[in-house]
Amino acid sequence: MEMTEVTGVSLKRGSVAVEDNDRVAPAEEAKRQKILDHCLTKSPSELEHVSPPSGVNVPEPPEAVSAREGTKNSDVQLEEEEEEEEDGLSEEGEEEEEAESFADMMKHGLTELDVGITKFVSSHQGFSGILKERYSDFVVHEIGKDGRISHLDDLSVPVDEEDPSEDVFTVLTAEEKQRLEELQLFKNKETSVAIEVIEDTKEKRTIIHQAIKSLFPGLETKTEDREGKKYIVAYHAAGKKALANPRKHSWPKSRGSYCHFVLYKENKDTMDAINVLSKYLRVKPNIFSYMGTKDKRAITVQEIAVLKITAQRLAHLNKCLMNFKLGNFSYQKNPLKLGELQGNHFTVVLRNITGTDEQVQQAMNSLKEIGFINYYGMQRFGTTAVPTYQVGRAILQNSWTEVMDLILKPRSGAEKGYLVKCREEWAKTKDPAAALRKLPVKRCVEGQLLRGLSKYGMKNIVSAFGIIPRNNRLMYIHSYQSYVWNNMVSKRIEEYGLRPVPGDLVLKGATATYVDEEDVNNYSIHDVVMPLPGFDVIYPKHKISEAYREMLTADNLDIDNMRHKIRDYSLSGAYRKIIIRPQNVSWEVVAYDDPKIPLFNTDVDNLEGKPPPVFASEGKYRALKMDFSLPPSTYATMAIREVLKMDTSIKNQTQLNTTWLR
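Being a predicted model, the structure only gives us computed values, none of them experimental.

**Focus: the overall build of the chain**
Phase 1: Looking only at helices and strands, one finds 19 helices and 22 strands in the chain.
Phase 2: Scored against the burial criterion, the 662 residues of the chain give a buried share of 56%.
Phase 3: The long-range share in the chain, meaning contacts at least 24 apart out of those at least 6 apart in sequence, stands at 80%.
Phase 4: Of the roughly 28800 Å² that the chain leaves accessible, carbon and sulfur atoms contribute 48%.

**What about helix α4 (residues 174-184)?**
Phase 1: All of the buried residues in α4 are Glu176, Lys177, Leu180, Glu181, Leu183 and Gln184. Projected down its long axis, α4 carries its buried residues within an arc of 160°, all on one side.
Phase 2: The first or second residue beyond α4 is phenylalanine 186, which carries a positive phi of 55°.

**Quick notes on the environment of lysine 337**
Phase 1: Tracing the backbone through its elements, the reader meets lysine 337 in the loop between β12 (324-332) and β13 (343-351).
Phase 2: Of the residues examined, lysine 337 reaches a relative accessible area of 53% and is grouped as exposed.
Phase 3: Separated by 48 residues in sequence, lysine 337 and serine 289 place their C-alpha atoms 6.7 Å apart.
Phase 4: When near neighbours in sequence (up to four residues on either side) are disregarded, lysine 337 contacts Tyr290 and Met291.

**Overview of the pairing of strand β16 (residues 511-514)**
Phase 1: Sheet analysis places strand β15 (residues 505-508) next to β16, joined by four bridges and oriented antiparallel. Counted as the bridge partner of lysine 508 is threonine 511 from β16.
Phase 2: Counting the residues between successive antiparallel strands, the hairpin from β15 to β16 contains two residues, one of them, glycine 509, with a positive phi of roughly 70°.

**Comments concerning the sheet that holds strand β17 (residues 528-532)**
Phase 1: Strand order in the open sheet formed by four strands is β16-β15-β17-β18, with antiparallel pairing between adjacent strands. The strands lining the two open edges of the sheet, one partner per strand, are β16 and β18 (574-577). In this sheet, adjacent strand axes meet at a mean angle of 55° when their direction is disregarded.
Phase 2: Both β17 and β18 contribute to a ladder of four bridges, which runs antiparallel. Its bridge partner lying in β18, valine 529 is registered against lysine 577.

**Brief notes about helix α6 (residues 270-281)**
Phase 1: For α6, spanning 12 residues, the distance from its first C-alpha to its last is 16 Å, which sits close to the expected 16 Å at 1.5 Å a residue.
Phase 2: All of the buried residues in α6 are Thr270, Asp272, Ala273, Ile274, Asn275, Val276, Leu277, Ser278, Tyr280 and Leu281.
Phase 3: In this structure aspartate 269 caps α6, since a side-chain oxygen of it lies 2.9 Å from the backbone nitrogen of methionine 271.
Phase 4: Directly beyond the C-terminal end of α6, a positive phi value near 60° is found at arginine 282.

**Here we look at unusual backbone geometry**
What you tend to see is this: most non-glycine residues have negative phi, and most peptide bonds are trans.
Phase 1: A positive phi is found at asparagine 323, a non-glycine position, where the angle reads about 65°.
Phase 2: Tracing the backbone shows asparagine 323 in the loop between α7 (311-316) and β12.
Phase 3: Residue classification places asparagine 323 among the partly exposed residues on the basis of a relative accessible area of 24%.
Phase 4: Even without a glycine there, the phi angle at asparagine 328 is positive, about 50°.

**A short note on the sheet that holds strand β6 (residues 192-196)**
Phase 1: What the three strands build is an open sheet, ordered β6-β8-β7; its pairing is antiparallel. For this open sheet the edge positions go to β6 and β7 (219-226), each flanked by a neighbour on one side alone. Strand after strand, the sheet turns through a mean of 25° between neighbouring axes, direction not considered.
Phase 2: One ladder, built from five bridges, connects β6 with strand β8 (residues 229-236); its direction is antiparallel. Considered in β8, the bridge of valine 193 is made with alanine 234.

**Overview of the environment of tyrosine 575**
Phase 1: Mapped onto the secondary structure, tyrosine 575 falls in strand β18.
Phase 2: Spatially, the C-alpha atoms of tyrosine 575 and leucine 505 are 9.1 Å apart, while their sequence positions differ by 70 residues.
Phase 3: The contact partners of tyrosine 575, leaving out residues within four places of it in the chain, are Leu505, Leu507, Ala512, Val529, Met530, Pro531, Asp536, Val537 and Ile538.
Phase 4: A polar side-chain atom of tyrosine 575 sits 2.9 Å from the main-chain amide nitrogen of isoleucine 538.

**So, the packing of aromatic side chains**
Phase 1: All chains considered together, the criterion is met by 14 aromatic pairs.
Phase 2: When the centroid spacing of 5.5 Å and the interplanar angle of 25° are considered together, the rings of phenylalanine 346 and phenylalanine 628 count as stacked. A residue pair is termed long-range when its members are at least 10 positions apart, and phenylalanine 346 in strand β13 and phenylalanine 628 in strand β21 (residues 621-630) qualify at 282 residues. Residue phenylalanine 346 shares its accessibility class with phenylalanine 628, and that shared class is buried.
Phase 3: Ring pairs connect the aromatic residues Phe381, Tyr389, Tyr480 and Tyr483, which therefore count as one cluster.
Phase 4: The ring of tyrosine 592 has arginine 351 sitting right over it, with the charged end atom 5.4 Å from the ring centre.
Phase 5: A cation over a ring is seen here: arginine 576 above tyrosine 376, with NZ or CZ 3.7 Å from the ring centre.

**Describing the confidence of the model for the chain**
Parts of the model with low pLDDT should not have their predicted coordinates read in detail.
Phase 1: A residue-level look at the chain finds 77% of positions with pLDDT of 70 or above and a mean pLDDT of 79.
Phase 2: Taken together, the stretch residues 6-100 has pLDDT below 50 and engages in 269 contacts with residues farther than four places along the chain or on a different chain.
Phase 3: Across residues 656-662, confidence stays below pLDDT 50; counting only partners more than four residues off in sequence or on other chains, it has 22 contacts.

**Re the pattern of salt bridges**
Phase 1: One pass over the full model with this rule turns up 20 salt bridges.
Phase 2: The closest approach of N and O atoms between aspartate 560 and arginine 549, which form a salt bridge, is 2.9 Å. Taken together, the residues aspartate 560 in the loop between α16 (543-554) and β18 and arginine 549 in helix α16 connect sequence positions 11 residues apart.
Phase 3: Aspartate 560 sits in the exposed class, given a relative accessible area of 59%.
Phase 4: Given the relative accessible area of 33%, arginine 549 is considered partly exposed.

**Notes on the environment of leucine 277**
Phase 1: Counting through the fold element by element, leucine 277 comes out in helix α6.
Phase 2: Spatially, the C-alpha atoms of leucine 277 and leucine 314 are 8.6 Å apart, while their sequence positions differ by 37 residues.
Phase 3: Apart from the residues lying within four places of it in its own chain, the contact partners of leucine 277 are Phe261, Phe288, Leu317, Leu321 and Leu326.

**Details of the pairing of β21**
In the case of a regular strand, side chains alternate between the two sheet surfaces.
Phase 1: With eight of 10 residues buried, β21 lies mostly within the body of the structure.
Phase 2: Summarising the sheet, β13 and β21 pair through seven bridges and their orientation is antiparallel. Directly across from asparagine 344, in β21, lies its bridge partner leucine 630.
Phase 3: The sheet contact formed by strand β20 (residues 583-592) and β21 spans eight bridges and is antiparallel. If you follow alanine 591 over to β21, its bridge partner there is arginine 622.

**A look at the packing of helix α9 (residues 388-396) against helix α10 (residues 400-408)**
Phase 1: Their axes nearest at 8 Å, the elements α9 and α10 cross at an angle of 165°. Between α9 and α10, the interaxial angle falls into the category roughly antiparallel. Remark: the crossing between α9 and α10 carries left-handed chirality. Where α9 approaches α10, its residues Gln390, Val391, Ala394 and Ile395 are matched on the opposing element by Trp400, Glu402, Val403, Leu406 and Ile407.

Basis of the calculations
- Counting from 1, residues in each chain are numbered in the order their sequence is written.
- This being a predicted model, a pLDDT of at least 70 is required before a residue's local features are given, and a value of 80 or more before pairs of side-chain atoms are given or counted; all residues contribute to the totals for chains, interfaces and linings.
- Side-chain figures throughout are based on the complete set of non-hydrogen atoms in the structure, without hydrogens or water.
- Numbering of helices and strands runs from the N terminus, with a helix taken as a DSSP run of H or I at least four residues long and a strand as a DSSP run of E at least two residues long.
- To sort residues, take the accessible area from a 1.4 Å probe on protein chains only and compare it with the maximum for the residue type: under 20% means buried, over 50% means exposed, and anything in between is partly exposed.
- A contact between two residues is defined here by any heavy atoms of the two lying within 4.5 Å.
- Note on areas: Shrake-Rupley with a 1.4 Å probe; residue coverage comes only from the protein chains shown.
- As used here, the arc is the angular range of directions from the helix axis to the C-beta atoms.
- Being paired, for any two strands, means DSSP has found at least two bridges between them.
- Throughout, an axis means a line fitted to C-alpha atoms (over the contacting stretch in the case of helices), and angles, computed between N-to-C directions, take values from 0 to 180 degrees.
- Expected span of a helix: the number of residues minus one, times 1.5 Å.
- Distance and chemistry together define a polar contact, namely a pair of N or O atoms within 3.5 Å, with one atom able to donate a hydrogen and the other to accept it when in protein, and with adjacent residues in sequence counting only for side-chain atoms on both sides.
- Aromatic pairs are defined between Phe, Tyr and Trp rings, using the six-membered ring for Trp, whenever the two ring centres lie within 6.5 Å; interplanar angles under 30 degrees are classed as stacked, those over 60 as edge-to-face, and all others as tilted.
- In this analysis the charged atom, NZ for Lys or CZ for Arg, is taken to sit over a ring once it is within 6 Å of the ring centre and within 35 degrees of the ring normal.
- On a scale of 0 to 100, pLDDT captures the predictor's confidence in every residue.
- Take a side-chain nitrogen of Lys or Arg and a carboxyl oxygen of Asp or Glu: if they are within 4 Å of each other, that pair is a salt bridge.
- Orientation is classified from the angle alone, with under 35 degrees giving roughly parallel, over 145 giving roughly antiparallel, 65 to 115 giving roughly perpendicular, and any other angle giving oblique.
- Take the far helix as the reference: if the near one is turned anticlockwise from it by less than a right angle, the crossing is left-handed, and if turned clockwise, right-handed.

So, in structure tokens, the structure goes:
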């Protein structure tokens with residue numbers, strides 16, 4: 001086994017590329033809007049685009065779908081609130097101009113070298129390929145706690161006599177739905193809404209009662225006679241808490257309280273998807289649970305659980321939602337818990353590869369037999385000129401003015417226009433209220449911090465920062481830990497190579513112990529772990545221990561005192577394997593002529609009975625299709641990096657892609 005290092009040449013070779021093929025053609029957009037309008041029936045509030053709850057200020061690094069959920073230092077990704085995407089550009093020149101503009105902005109982004117990613121473990125010659133030319137070239141299937149890979153292969157609804165008839169979805173008019181939603185969400189001063197029963201039969205009244213109670217959790221109904229006419233009157237049952245707590249008495253005791261289902265989604269992250277589902281179901285997002293988050297630019301399949309929502313209602317969403325599919329329904333007693341998954345299975349296509357069959361064979365055999373360095377991927381660190389680890393370092397240093405400035409100051413890099421204007425206003429006036437007015441989307445990190453500064457004042461930045469959700473605040477310090485770990489593992493491999501040495505750390509159960517001279521041959525490099533810095537970890541007993549100390553000292557941090565005076569920001573630390581060997585590795589090289597055609601079937605393709613693609617023996621292009629499974633908290637892009645020997649940063653990919661587009 002030979003260890004190699006990133007060189008200047010390797011950074012310039014080839015074209016791992018980011019090509020935005022997600023934009024929707026105008027005809028397709030019109031078709032999509034027609035379906036959307038039909039399903040929403042039509043309450044204006046439902047036509048708002050649902051956004052995820054927080055924001056890093058830049059486009060998500062498009063390559064970095066990871067299997068990183070559920071560890072002690074879980075990766076909590078900040079995502080910008082997303083607005084409706086624009087229609088696709090019709091002129092090829094406009095697309096090219098946009099790509100060039102984005103590449104120009106990304107000149108200020110991070111590269112792998114900036115975050116300590118410098119080594120490779122394999123000796124093969126790298127080659128180029130296009131990663132995520134289409135988001136459908138990257139498919140993630142969750143591996144559950146029982147070891148089974150999640151697939152969407154059954155859209156049927158469990159038969160349940162307790163379920164109301166399908167008429168509940170159509171019996172209410174659009175205007176009635178809007179009035180009921182406004183009542184449910186306390187958007188007006190009405191204490192009730194009365195709906196006249198036009199064709200008065202007991203069956204019709206029953207369906208209206210069922211429709212209101214099932215579609216608008218928190219509302220109760222009663223029948224009233226008014227001037228010889230029958231009305232169904234809806235009213236609040238239990239105040240504002242009712243919306244968060246679905247009605248208990250309406251759920252059959254014999255049925256498990258949680259409906260588990262498989263969610264297939266395209267080009268949406270998990271939180272965004274759950275926000276969309278909760279919007280359509282008119283419930284709070286916190287009644288959903290899941291084992292891990294999946295990122296946006298991919299097709300992903302994972303298990304979700306939701307409290308006291310019937311499979312019938314969930315299945316109805318399949319008629320309404322684009323890029324989502326729900327199925328494999330079952331009722332269970334318990335929700336899902338973060339971290340319960342065993343990992344993720346990836347199917348990845350690298351298009352337009354330049355490597356020979358022999359190079360590909362060498363690269364994939366190395367991945368299968370040796371593995372890859374378990375670096376934290378680029379998405380951990382953001383993509384603008386202000387990396388998230390710098391904010392984390394300032395938090396740990398207790399430098400709160402610097403924290404504020406790093407989050408709010410103008411920066412080079414790819415950002416939405418309203419964020420640029422917000423930052424300019426902040427730099428000019430240092431007035432949080434004025435800067436906040438520049439933000440149409442106020443739930444991003446910048447908006448939350450500005451709201452906190454408006455509320456608590458500029459002299460209480462700690463409290464202002466505390467308005468940001470806890471997981472998003474912790475993301476910054478986890479990013480700093482990851483930055484340190486990446487740098488230290490590169491030093492460890494440079495110093496000692498790919499073999500265990502005395503003073504290394506291995507895990508026995510959950511406890512780290514030192515490798516001694518006499519038992520060094522009992523371990524392999526795959527057993528060696530290294531610590532993320534914290535107060536509850538030990539460090540190796542060799543040169544790398546001093547390297548940790550030097551790095552933290554240079555950052556004005558005390559490695560012997562990682563407790564922060566604010567408890568949330570005290571780092572306990574954790575251990576992470578330095579080399580990961582993927583499981584279930586397989587691959588094939590295929591030839592194709594049309595860069596737009598799918599090169600494998602998705603779960604939805606299989607449900608629709610589409611035949612798998614047939615490949616010619618020769619074609620204009622060649623692609624590498626690879627399958628592999630990874631444990632939680634590992635990054636698929638780092639495995640792909642090892643195969644291609646390429647810099648996976650969005651900065652490098654975007655610049656290469658601009659060249660490729662020409």
